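# Coordinates in review
Single-letter residue listing:
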Amino acid sequence: MLQDEIPSEMSEPGFSEPRRPRPRRASMNIFGQLTTIVAVSAVLATLFTAFTPLGLLPGGLTEWVALQLSGSNAGGGSFPTPTPRPRPVIGIVAGHWGNDSGAVCSDGLTEVEVNLDVATRVQQKLTDAGFDVDLLQEYDDRMPGYNALVLVSIHADTCEYIDDNATGFKVASSLASSAPEKAQRLVACLSNRYQTATGMRYHPASITAHMSNYHTFNEIHHDTTAAIIETGFLNLDRQMLTQNSNAVADGIASGVLCYIYNESATTPEGN
Ligand SMILES: [Zn+2]
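Residues numbered from 1 in each chain as written. Predicted model: local features only at pLDDT ≥ 70, side-chain atom pairs only at ≥ 80, totals over all residues.

### Some words on the overall build of the protein
Filter applied, for reference: Counting from the N terminus, the helices are DSSP H or I runs at least four residues long and the strands are E runs at least two residues long. Note on burial: count the other C-beta atoms lying within 10 Å of the residue's C-beta; 20 or more is buried, 12 or fewer is exposed, in between is partly exposed, and C-beta positions come from the backbone. In this description, any two residues whose backbone-derived C-beta atoms lie within 7 Å of each other are considered to be in contact.
Counting its regular elements, the protein contains 10 helices and five strands. A total of 271 residues make up the protein; the buried ones form 32% of that total. Residue pairs at least 24 apart in sequence account for 79% of intrachain contacts in the protein once pairs closer than 6 positions are excluded.

### Description of the sheet that holds strand β1 (residues 89–94)
To be explicit about the condition: Note on pairing: two strands pair once DSSP finds at least 2 bridges between them. With axes taken as lines fitted to C-alpha atoms, and helix axes fitted only over the stretch in contact, angles between N-to-C directions fall between 0 and 180 degrees.
Read from one edge to the other, the open sheet built from five strands follows the order β2-β1-β3-β5-β4, with strand pairing classed as mixed. Single-partner strands in this sheet number two, and they are β2 (132–136) and β4 (170–173). On average, each strand axis in the sheet is tilted by 20° relative to the strand beside it, whichever way the strands run. Where helix α5 (residues 111–128) meets the sheet, its contacts fall on β1, β2, β3 (150–157) and β5 (225–233), and the angle it forms with β3 comes to roughly 150°. Together, β1, β3 and β5 form the strand contacts of helix α10 (residues 245–260), whose direction differs from that of β3 by roughly 150°.

### Description of the nonpolar core
Worth spelling out the cut-off: What we call a nonpolar core is a set of buried Ala, Val, Leu, Ile, Met, Phe, Trp, Tyr and Cys residues whose membership is set by joining through C-beta atoms within 7 Å.
Core analysis: the biggest nonpolar cluster contains 52 residues, and Ile92, Val152, Ile154, Leu190, Ala227, Ile229 and Ile252 have the highest contact counts within it. Of all the secondary-structure elements, those providing two or more residues to this core are β1, α5, β2, β3, β4, α6 (180–198), β5 and α10. It is α6 that provides the largest number of residues to this core, a total of seven residues.

### Points about the confidence of the model for the protein
Caution is warranted with low-pLDDT regions, since their predicted coordinates should not be read in detail. Put simply, the rule reads: Confidence scores here are pLDDT values: one per residue, from the predictor, ranging 0 to 100.
Across the protein, pLDDT averages 78, with 65% of residues at or above 70. When the criterion is pLDDT under 50, residues 1–28 qualifies, and its contacts beyond four places in sequence or with other chains add up to zero contacts. Note on residues 46–77: pLDDT is under 50 here. Beyond four places in sequence and across chains, it has eight contacts.

### So, the packing of α6 against α10
Helix-helix packing is characterised by the crossing angle of the two axes and by the distance between the axes. Put simply, the test is: What makes a crossing left-handed is the near helix being turned counterclockwise from the far one by less than a right angle; a clockwise turn instead makes it right-handed. Note on residue classes: Ala, Val, Leu, Ile, Met, Phe, Trp, Tyr, Cys and Pro are nonpolar, Asp, Glu, Lys and Arg are charged, and everything else, Gly too, is polar.
Interhelical geometry of α6 versus α10 gives an angle of 145° and a closest axis separation of 7 Å. For the element pair α6 and α10, the recorded crossing hand is right-handed. Residues Arg185, Leu186, Cys189, Leu190, Arg193, Tyr194, Thr196, Ala197 and Thr198 of α6 form the contact with α10, whose participating residues are Ala247, Val248, Asp250, Gly251, Ile252, Ser254, Gly255, Cys258 and Tyr259. Taken together, the residues that form the contact of α6 with α10 break down as 10 nonpolar, five polar and three charged.

### So, α10
Definition in use: Take the number of residues in a helix, subtract one, and multiply by 1.5 Å to get its expected span.
In this model, α10 (16 residues) spans 23 Å end to end at C-alpha, consistent with the 22 Å of a helix rising 1.5 Å per residue. Residues of α10 that are buried sit in contact with β1, α5, β3, α6, β5 and α9 (238–243). Just past α10, the residue Asn262 takes up positive phi, approximately 60°.

### Thoughts on the pairing of β5
Two faces, one strand: in a regular strand the side chains alternate between the faces of the sheet. Counted residue by residue, β5 has nine buried out of nine residues, so it is predominantly covered. By the bridge criterion, seven bridges tie β3 to β5 in an arrangement that is parallel. Pairing of Leu151 across the sheet is with Ala226, part of β5. In this structure, β4 lies alongside β5, joined through four bridges in antiparallel fashion. By the bridge assignment, Val171 is partnered in β5 with Ile229.

### Some points on unusual backbone geometry
A positive phi angle is found at His96, which is not glycine, with a value near 75°. If you trace the backbone, His96 turns up in the loop between β1 and α5.

### A look at the environment of Asn147
Relative to the helices and strands, Asn147 resides in the loop between β2 and β3. Asn147 gets classed as partly exposed once you count the C-beta atoms within 10 Å, which come to 13. Put simply, Asn147 and Ile220 are 73 residues apart on the chain and 6.8 Å apart in space, counted from C-alpha to C-alpha. Residue contacts for Asn147: discarding those within four places in its chain leaves His221, Asp223 and Thr224.

### Quick look at α6
With 19 residues, α6 should cover 27 Å at 1.5 Å per step; its first-to-last C-alpha distance of 27 Å lies within 8% of that length. Within α6 the residues assigned to the buried category are Ala183, Arg185, Leu186, Val187, Ala188, Cys189, Leu190, Ser191, Asn192, Arg193, Tyr194 and Thr198. On the buried face of α6, the contacting elements are β3, β4, β5, α9 and α10. Note on α6: the residue one or two positions beyond its end, Gly199, has a positive phi of about 75°.

### Structural notes on the environment of Leu257
Note on placement: Leu257 falls in helix α10. Placed 67 residues apart in sequence, Leu257 and Leu190 show a C-alpha to C-alpha distance of 9.1 Å.

This is how it looks when you write it as structure tokens:
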């Protein structure tokens, strides 16, 4: 082995020129490595000097970290502490509000005024129960992508006399819901609590495709559980809707709370 190496260097001096690049390449590699090390050092140095003043900034980050730590200790929870969660939001739509009158009675009573009265009462009751409640118009600017725990749109049926069966309420959920079982539970809760609060009967025969495909259902965020309630017929149920709107609102608010707190409720027949 050694014998092979010695002769090869000694016996081929003519090849010494082409071989020069070899050691030169080696030294270039070393130089290259040095350059890299210097470059990396420079970057690290820059990062270090950039980072140091940030850490020494008065208040700011340091204060924030201290707050996070104290918050974590106070709560006894695990670090990192998530940012405080906003209070759950509930959306209540006063049907037709801001758009049109809805159904109109011969004496001038409008559906929209009945809806708004009920919706305002529902908002108050749910606010009292500790929730943030948005009172929304029929085509509210906030509606596209609206994200809430629950959304309920409040309407009332025609003021025309149809027949003696045109009385009672009905509830429908969105066909476009991402969680149909949740929407169904909201319907069950609303129907059950509304019936209890008002003593009105469920009017299952008249759930229309218009209700299930209600425009709002397609505008809101698909995670928002939503339902529409027709609180009654303005003709035969007028007294309940106008003289006893507190009970009407109670039924809707209780239905929303039933859903939120996962209380049991049976789905009315025919729904
Ligand atoms: Zn309506």
